[in-house]
Every structure is written in structure tokens, then in C-alpha cells.
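# Per-entry structural report
Residue-level listing of the chains:
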Amino acid sequence: MLARKSIIPEEYVLARIAAENLRKPRIRDRPRKARFIAKNGACNLAHKNIREQGRFLQDIFTTLVDLKWRHTLVIFTMSFLCSWLLFAMMWWLVAFAHGDMDPSTENTMNSTKWTPCVTCVRSFTSAFLFSIEVQVTIGFGGRMMTEECPLAITVLILQNIVGLIINAVMLGCIFMKTAQAHRRAETLIFSRQAVIAVRNGKLCFMFRVGDLRKSMIISASVRIQVVKKTTTPEGEVIPIHQVDIPVDNPIESNNIFLVAPLIICHVIDKRSPLYDISAADLALQDLELIVILEGVVETTGITTQARTSYIAEEILWGHRFVPIVTEEEGVYAVDYSKFGNTVKVAAPRCSARELDEKPSILIQTLQKSELSHQNSLRKRNSMRRNNSIRRSNSMRRTNPSLIVPKVQFITPEGSQSASET
């Protein structure tokens, strides 16, 4: 390798590499459009330049629930610790004002009937421990209140009230973060890709949705919205224009019974934003189809919502989802390994408008598909027949015992004839 490098000049190698790079066509990828809704349902939206930050403090409970877990746990710990320290300072001041901190009062306490406000509170540490015992209602018995100081009774009442409020708010916040509705949505799954195929003589946009849990979603409903950038006749640019599209449901209401994975279908008709889009135009479209599944969790009664979206690159034209529900020994079984699998089917490449104007396109497409299917079957059968003949011939050549011997038969006239049996 070193000898070759020494033979070829370095200038020639660099020139050749540059020439090869110039000959190769440079294909620039299309700039990827930002999704409005991610595949996991998160909204791809950033809020900037919010001047009215005080509005978040007016709804403090929702703000605490929306915070991240590490921030919530820090606030949870600091709220209790700060309240204990605050009331420990108040108990220390009460004891100091009454003279319980004076060392001379210890002898007076033993000789006379002098009573402190709180027994055994002679430093800030003991006041802090007494504050924890009061707010958490532990009551070890070493420190206790007396009826000597009305101010101490007032502090005791105030600390109990503040402690109950902190417990209610913080424990409620932790519970709401644990039982949030989007946690249930983690087990509601959508197919990674959507398909467009012919169903009942119409082009349809379809995707699959399923629930991994046995506990059902009550009153589940599915909505589909198309989000794209549009321009009005007046020249106004709407960056996020949302259009609702109907979902084909044999039931009058929009609710679905999500006991097993279902294929949600949208018929591409005159009301659909996909009415004028063909298979060739689909890749050039700058649109995003958002799917929203809403329902009530059966176990908790909380309303949940699962979301996903499909862009043009994730929509397969002329495909159909494979069946995944089978009946096995009297039980319907769902094979989730084939949840997103699709097969290619015959579908016209034109738009739904052209298909409505020329219904013969669908008939011609189906006829071509049937002919190609028959031709493929014929080729497959002929290939199988040829393979079986070749296999039998090769077996005869390799195994001489399979060759049929010749047998001679004597006719009544005395002539002999040879035949193979």
C-alpha cells in the first residue's frame, strides 16, 4: 500500500477525487417541514415573548401540575421545610419573649411554680423540633403546650391551618401528576403510516387505532383535522389553517367501541380537502392530518386524549392494512406484531374528483389488476410444474434404482414384444 502511494503523485489523486465528485449528481433533500403534532402526540409549539407572566401565578395549582417532576418535588420539599422553619422562628420568639430562654429561669422553675409557654424549648433547635411535631402531629411527649401564653395558642392554631392547606395543595398536586390523563393515552396506539385505497367504490383515507389495555375507553370518539398553510383571496396568509374532515361511521354518533383495533376510514368526497389530490400530487402537498382520539377512562372516570399526525410522506397510496383479529378456540385473538403491516392493492392513481367524473377508471384499474393477478398465478403454476419436472428428472439421474426395467411379453403367435411398465 505504501509503494502504491509513493508511485502515484498526490496532486493526481486529489484531482481525480475532485473530478469524481463533480461527476456525481448532487441531490438536495427537500427541507423537512416542521410537524404541528409529533407522532407521540406532543404539540410542537414554542411560546415566546410572554409578557404577562403573572397570569400563571393566578392559577397556581395548574401551574404546579404542569411543572416537571423535579421542579414539583423541589417545591414540595421546600414548602414543608420553609413552613417548619418559619413557625420554629415564631415559637422561638414566643419562648424568648416569655423568658423561657433565660438560664436563671431553670432554677426558678424547680423552686417555684413558674410555668413556661412550651416545655423543654430552650433553643432554636428545640423550637424547630416542636414546630415539626405540631405540623405533622407526631407528638413525642417531651415538648408540650401550656395555658400560660395566649399568643402561643394563637400560633398553634395558625400553624395547624397553614399545615392543612400545604398538605391539601401539595398532596393534591402529586396525585394529579400521578393520575394525569395523558398517562392513559400511552397505551392508545396508532399505526405509523396511513393508507389510501378503494373501499366500497370510493377512495378512502384510512389508519388503524388500538388500545393495549383490557380496561376500555368509554364513549371514545375520533376526529381528523387537516392543518396546512393557506392564503385567502384577500392575500392574508394563515400559517395554521385547521379544517375538520368527517369520519365514516355506520353509527349515527361519532363514538366507537374500541374493544379491538379498528380501521378508521375517511371517504374522500367533495367535502374532503383531499378531493383534488392524486397519487403524484400527494408527495408535493404541504399538509398534515391530525388524528385526535378522546374518551373517558373506565377505571378513573378521567377524560383522556391521544393524538398523532400523518404527513404526506407517511401516507401510502394503494395499500391496505392486513387483518390482525382472528378467532382461536372460541376467543378473538389480536396479533399486534402486524398492527402496522400493509399490503399493496389495486387503486387508481388519479384524484377522487377524476374518479367521480370518470367511473370507468376504477373498472379499468380493477380489470388490469385481475389480469395481472391471473398472469402471476399462471406463471407461478408453470414455474411449479417446471420445477417438479426438473426435480423428478434429477432424481432419476442420480438414483438408478428408480429406472423402470423392460419386460418382454410373448404373444400367442410366438412373437415377442418389449414394453416398459
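- Per an unreviewed UniProt entry, the protein chain goes by the name KCNJ8 protein and belongs to Upupa epops.
- The Sequence similarities (unreviewed entry) field of the UniProt record for the protein chain holds the comment "Belongs to the inward rectifier-type potassium channel (TC 1.A.2.1) family."
- Recorded in UniProt for the protein chain, the comment headed Catalytic activity (unreviewed entry) runs: "K(+)(in) = K(+)(out)".

## What to know about the packing of aromatic side chains
- Applying the stated criterion across every chain, the model contains 8 aromatic pairs.
- Between Phe-205 and Phe-207, the ring centres sit 6.2 Å apart and the planes meet at 50 degrees, which makes this aromatic pair tilted. Accessibility classification places Phe-205 together with Phe-207 in one group, the buried group.
- Among the aromatic residues, those joined into a ring-pair cluster are Phe-76, Phe-80 and Trp-84.
- Geometry around Trp-69 places Lys-177 over its ring, the cationic atom sitting 5.2 Å from the centre.
- A cation over an aromatic ring shows up here: Arg-208 above the ring of Phe-339, its NZ or CZ 5.9 Å from the ring centre.

## Observations regarding a nonpolar patch on the surface
- Taken together, the side chains of Leu-57, Ile-60, Phe-61, Ile-153, Ile-157, Ile-161, Ile-165, Val-169, Phe-175 and Met-176 present a nonpolar region at the surface, about 920 Å² in accessible area.
- Counting only elements with at least two residues in the nonpolar patch, the list comes to α4 (60-66) and α8 (150-178).
- Sort the elements by how many residues they give to the nonpolar patch and α8 lands first, with 7 residues.
- Mapping Ile-161 onto the fold places it in helix α8.

## Points about the pairing of strand β2 (residues 194-199)
- Counted residue by residue, β2 has 5 buried out of 6 residues, so it is predominantly covered.
- Judged from the 3 bridges that link them, β2 and strand β10 (residues 315-317) form a sheet pairing that is parallel. Across the sheet, residue Ile-196 finds its bridge partner in β10, namely Trp-317.

## Here's the deal with the pairing of strand β8 (residues 287-297)
- Most of β8 is tucked away: 9 of the 11 residues are buried.
- Taken together, the 10 bridges between strand β4 (residues 217-231) and β8 define a ladder with antiparallel strand orientation. Its bridge partner being in β8, Val-227 is matched across the sheet by Glu-288.
- When β8 meets strand β9 (residues 303-311), the two strands line up antiparallel, connected through 9 bridges.

## Structural notes on unusual backbone geometry
- In this structure, Thr-137 is a non-glycine residue whose phi angle is positive, near 55 degrees.
- For Thr-137, the location among the structural elements is in the loop between α7 (124-136) and α8.
- Residues other than glycine seldom take positive phi values, yet Asn-200 does so here, at roughly 55 degrees.
- Within the fold, Asn-200 resides in the loop between β2 and β3 (202-211).
- Accessibility expressed as a relative area gives 74% for Asn-200, which makes it exposed.

Thresholds applied
- Residues numbered from 1 in each chain as written.
- Predicted model: local features only at pLDDT ≥ 70, side-chain atom pairs only at ≥ 80, totals over all residues.
- Heavy atoms only, no water.
- UniProt positions renumbered as here; feature names shortened; annotations may be inferred.
- Phe/Tyr/Trp six-rings, centres within 6.5 Å; stacked < 30°, edge-to-face > 60°.
- Buried < 20%, exposed > 50% of the residue type's maximum accessible area, 1.4 Å probe, protein only.
- Lys NZ or Arg CZ within 6 Å of the ring centre and 35° of its normal.
- Patch = residues over 30% accessible without salt bridge, like charges linked within 9 Å, V, L, I, M, F, W, Y side chains within 5 Å.
- Areas by Shrake-Rupley, 256 points an atom, 1.4 Å probe, with all protein chains shown as cover.
- Salt bridge = Lys/Arg side-chain N within 4 Å of Asp/Glu carboxyl O.
- Helix = DSSP H or I, 4+ residues; strand = E, 2+ residues; numbered from the N terminus.
- Pairing = 2+ DSSP bridges.

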